[in-house]
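Here is how the chains run, residue by residue.
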Amino acid sequence: MIHEVEPIRKIKDINKIKQYLLGKNNKRDYCIFVVGINVGLRAGDLLSLRVSDVTDGRTIFDEVTIKEQKTDKKKTFNLNKSAKEAIKLYLSTSSSIDLNDYLFKSRKGTHLGVRPLHHIIKTTLRDLGIKGNYGTHSLRKTMAFHRYQNNVPIETLQKMLNHSSSAITLRYIGITKEVITDCYNAVNL
């Protein structure tokens, strides 16, 4: 049986992961994590970003447009304050920034692959003792889950994730029968 990966639900755990990655002095992995949970791209699209997609060398862009690998459609998304700060911190550690380079380079100079990113996420969450099934898709699901928790309408999330129905989006972010039952039980009028 295949277990779907889940979003990182607790803000406390997200902060623990950020601290851990910064403590390891790994600005690249920290940046991937922060950008990933804030923009909600699929792992392949996130790892295919080039430096020129996010900056002109002086300023981090507010808005980024890419072509999604899975759908072949254009996708425009915004970099929020957290994502911009992570990118700025990461790029400040590089001695030479080439706008044509991949933003998240591997040691070989190409972009980091999805498999190594999966390993980074699995290892990090295991090292921190955060229980659950996590992988590269957890970054995207975390973005959607926390937006939903902050009252972003499900129709907006559906558009952001490019889903065909709101039911798919609810299932995707882990709004299950148990969550709905908890909602019924939480309010006693």
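Anyway, here's the lowdown on the structure attached to this text. The shown structure was predicted, so the numbers you read here are calculated from the model rather than taken from an experiment.

Structural notes on helix α1 (residues 11-23)
Consideration 1: Under the 1.5 Å per step criterion, the end-to-end length of α1 is 18 Å for 13 residues, consistent within 8% with the ideal 18 Å.
Consideration 2: In the core, the buried residues of α1 are packed alongside α2 (27-39), α6 (114-127) and α7 (137-149).
Consideration 3: Remark: Asn 25 follows α1 within two positions and exhibits a positive phi of approximately 55°.

Quick word on the pairing of strand β1 (residues 63-67)
Consideration 1: Judged by which residues are buried, β1 turns out to be one-sided: Val 64 and Ile 66 face inward and are buried, whereas Glu 63, Thr 65 and Lys 67, on the alternate face, are not.
Consideration 2: By the bridge criterion, five bridges tie β1 to strand β2 (residues 74-78) in an arrangement that is antiparallel. Opposite Glu 63, over in β2, you have Asn 78 as the bridge partner.
Consideration 3: Between β1 and the antiparallel strand that follows it, β2, lie six residues; Asp 72 among them carries a positive phi value of about 65°.

Looking at the packing of aromatic side chains
Consideration 1: Inspection of every chain in the model, using the stated rule, returns one aromatic pair.
Consideration 2: Geometrically, the ring pair formed by Tyr 90 and Phe 104 is stacked, given 5.9 Å between the ring centres and 25° between the ring planes. Linking Tyr 90 in helix α5 (residues 81-92) with Phe 104 in the loop between α5 and α6, this pair joins segments that are 14 residues apart in sequence.
Consideration 3: Its relative accessible area of 0% is what places Phe 104 among the buried residues.
Consideration 4: One cation-aromatic arrangement involves Arg 50 over Tyr 102; the distance from NZ or CZ to the ring centre is 3.9 Å.

Regarding unusual backbone geometry
Consideration 1: Not every positive phi belongs to a glycine, and Asp 72 is a case in point at roughly 65°.
Consideration 2: Examined against the element boundaries, Asp 72 turns out to sit in the loop between β1 and β2.
Consideration 3: Non-glycine residue Asn 162 carries a positive phi angle of around 60°.
Consideration 4: You can see Asn 162 is positioned in the loop between α8 (154-161) and α9 (166-172).

Observations regarding the side chain of Asn 38
Consideration 1: Position of Asn 38 relative to the elements: it lies in helix α2.
Consideration 2: Of the residues examined, Asn 38 reaches a relative accessible area of 14% and is grouped as buried.
Consideration 3: Discounting residues that sit within four places of it in the chain, Asn 38 has contacts with Asn 80, Ser 82, Ala 83, Met 143 and Arg 147.

So, the pattern of salt bridges
Two side chains carrying opposite charge are able to pair once their charged atoms lie near each other.
Consideration 1: In the structure shown here, the tally under the stated rule is eight salt bridges.
Consideration 2: In this structure, Lys 141 engages Glu 4 in a salt bridge whose closest nitrogen and oxygen atoms are separated by 3.0 Å. Highlighted residues: Lys 141 in helix α7 and Glu 4 in the segment before α1, separated in sequence by 137 residues.
Consideration 3: Classification of Lys 141 as buried rests on a relative accessible area of 3%.
Consideration 4: What makes Glu 4 exposed here is its relative accessible area of 60%.

A short note on α8
Consideration 1: Taken as a whole, α8 has its buried residues at Ile 154, Leu 157, Gln 158 and Leu 161. Summarising the axial view, the buried residues of α8 lie within an arc of 105°, below the 170-degree limit, and thus occupy one face.
Consideration 2: Against the buried residues of α8 lie α7 and α9.

Here we look at the environment of Ala 167
Consideration 1: Note that Ala 167 resides in helix α9.
Consideration 2: For Ala 167, a relative accessible area of 48% corresponds to the partly exposed category.
Consideration 3: Between the C-alpha atom of Ala 167 and that of Arg 50, which follows or precedes it by 117 residues, the distance is 33 Å.

Rules used in this analysis
- Residues numbered from 1 in each chain as written.
- Predicted model: local features only at pLDDT ≥ 70, side-chain atom pairs only at ≥ 80, totals over all residues.
- Heavy atoms only, no water.
- Helix = DSSP H or I, 4+ residues; strand = E, 2+ residues; numbered from the N terminus.
- Expected span 1.5 Å × (residues − 1).
- Contact = heavy atoms within 4.5 Å.
- Buried < 20%, exposed > 50% of the residue type's maximum accessible area, 1.4 Å probe, protein only.
- Pairing = 2+ DSSP bridges.
- Phe/Tyr/Trp six-rings, centres within 6.5 Å; stacked < 30°, edge-to-face > 60°.
- Lys NZ or Arg CZ within 6 Å of the ring centre and 35° of its normal.
- Salt bridge = Lys/Arg side-chain N within 4 Å of Asp/Glu carboxyl O.
- Arc of directions from axis to C-beta.

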